[in-house]
Structure formats: C-alpha cells, structure tokens
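Take a look at the letters that make up each chain.
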Amino acid sequence: MEEYNKEMTIELKQSIYEEIEEYCQDADIEESELINDMLQCFIKDTMNKMDAMRKGYAEMGRINLEICSEFDGCENDIHAHI
C-alpha cells in the first residue's frame, strides 16, 4: 500500500521558526522531517497519557463501587430505623 504525503500549513512565532531552522542546519535534516518526528512523539506521548488516565478512572470506578457496596449495609440499617 502506497503512502501519500499531505501538506499542512502552520503559523509559528518567528523565534520558534528560527530555532527550528538553526537546529535543522546543525543536525543536517529537513525541517519537515523534524516536524514530523516531533508531532509523532507528541501524539504518542499524549495518547499514552490519555490511556493512563482512562485506566486510572476505570480502576477508581471499581474501587468506588467496592466502597459503596461496603456502606450498603449501613444504609439499610438506617432505613430500617426510619
């Protein structure tokens, strides 16, 4: 399966663009290669953080259910006295 490149136009602060330009000259790489690598790292890192948050919320959900279950007996006792 053949991959096709897409083009995207972005606006950068002049100072950031100059840093990218200087880095690419020093590292002898194309600006588009640097941007692609940076975006891939950012997306991967962001997705990992989101996955960790999802897992954390799921785990807390189970813990909250256990806590609620422990207090069911107390609530039943209170309702019996009312």
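Structural data are supplied above this passage.
The sections below set out a description of the structure shown in this document. All residue numbers refer to position in the chain's written sequence, counted from 1. A pLDDT threshold of at least 70 governs which residues receive local features in this predicted model, and a stricter bar of 80 or more applies before side-chain atom pairs are shown or counted, although totals over entire chains, interfaces and linings include all residues. Where side-chain values are given, they derive from all heavy atoms of the structure, hydrogens and water being excluded.

**As for the overall build of the protein chain**
A run of H or I in DSSP counts as a helix once it spans at least four residues, and a run of E counts as a strand once it spans at least two, with each numbered from the N terminus. In terms of regular secondary structure, the protein chain is built from 2 helices and 0 strands. Here the globule rule reads 2.2 Å times residues to the power 0.38, and the radius of gyration is calculated from C-alpha atoms. Against the globule reference of 12 Å for 82 residues, the protein chain gives a C-alpha radius of gyration of 26 Å, more extended than a compact globule. For the protein chain, the C-alpha atoms occupy an extent of roughly 80 × 40 × 20 Å along the three principal directions. Counting only residues that meet the buried cut, the protein chain has 4% of its 82 residues in that class. Per-residue and other accessible areas follow the Shrake-Rupley method at a 1.4 Å probe size, with only the shown protein chains counted as cover for residues. Here the protein chain displays about 8300 Å² of accessible surface, and carbon together with sulfur accounts for 55% of that area. A distance of 6 Å separates the average location of the 7 positive side-chain charges in the protein chain from that of its 22 negative side-chain charges. Think of it in three bands: with a 1.4 Å probe and only protein chains considered, a residue is buried below 20% of the maximum accessible area for its type, exposed above 50%, and partly exposed in between. When charges are counted, Lys and Arg contribute as positive and Asp and Glu as negative, whereas His and the chain ends are disregarded. A charged residue contributes its charge at one atom only: NZ of Lys, CZ of Arg, CG of Asp or CD of Glu.

**Observations concerning helix α2 (residues 31-81)**
Here α2 is 51 residues long and its end C-alpha atoms lie 74 Å apart, about the 75 Å a rise of 1.5 Å per residue gives. The angle between axes fitted to the seven residues ending at a residue and the seven residues starting there is what we call the bend at that residue. Along α2, the largest kink reaches about 35° and is centred on F71. A helix is expected to reach a length of 1.5 Å times the quantity of its residues less one.

**Some points on a negative patch on the surface**
Residues forming no salt bridge and having over 30% relative accessible area are the ones grouped into patches, like charges within 9 Å of each other and nonpolar side chains (Val, Leu, Ile, Met, Phe, Trp, Tyr) within 5 Å. Each reported salt bridge corresponds to a side-chain nitrogen of Lys or Arg within 4 Å of a carboxyl oxygen of Asp or Glu. A cluster of acidic residues, E18, E19, E21, E22 and D26, forms a negative patch at the surface. Here E21 shows up in helix α1 (residues 14-27). Note on E21: relative accessible area 31%, which makes it partly exposed.

**Topic: unusual backbone geometry**
Its identity is not glycine, yet D28 carries a phi of approximately 55°, on the positive side. Counting through the fold element by element, D28 comes out in the loop between α1 and α2.

**Topic: the pattern of salt bridges**
In total, this model carries 2 salt bridges according to the counting rule given. In this structure, the salt-bridge partner of K49 is D45, at a minimum N-O distance of 3.3 Å. Placement of both K49 and D45 in helix α2 is noted, with a separation of 4 residues, approximately one turn of the helix. In this structure, D51 and R54 form a salt bridge, with 2.7 Å as the shortest nitrogen-oxygen distance.

**Some remarks on the packing of α1 against α2**
For any two helices packed against each other, the geometry comes down to the angle between their axes and how far apart the axes lie. A fitted line through C-alpha atoms serves as each axis, taken over the contacting stretch for helices, and the angle formed by two N-to-C directions is quoted from 0 to 180°. Following both chains from N to C, one finds α1 and α2 inclined at 110°, their axes separated by 9 Å at the closest point. One element, α1, and the other, α2, form an angle in the roughly perpendicular class. Listed contacts from α2 to Y17, I20, E21, Y23 and C24 of α1 are E31, L34 and I35. Polarity classes work like this: nonpolar for Ala, Val, Leu, Ile, Met, Phe, Trp, Tyr, Cys and Pro, charged for Asp, Glu, Lys and Arg, and polar for all others, with Gly in that last group. Taken together, the residues of the contact of α1 with α2 sort by class into 6 nonpolar, no polar and 2 charged. Our angle categories are set so that under 35 degrees counts as roughly parallel, over 145 as roughly antiparallel, 65 to 115 as roughly perpendicular, and the remainder as oblique. Note on contacts: a residue pair is in contact if any heavy atoms of the two residues lie within 4.5 Å.

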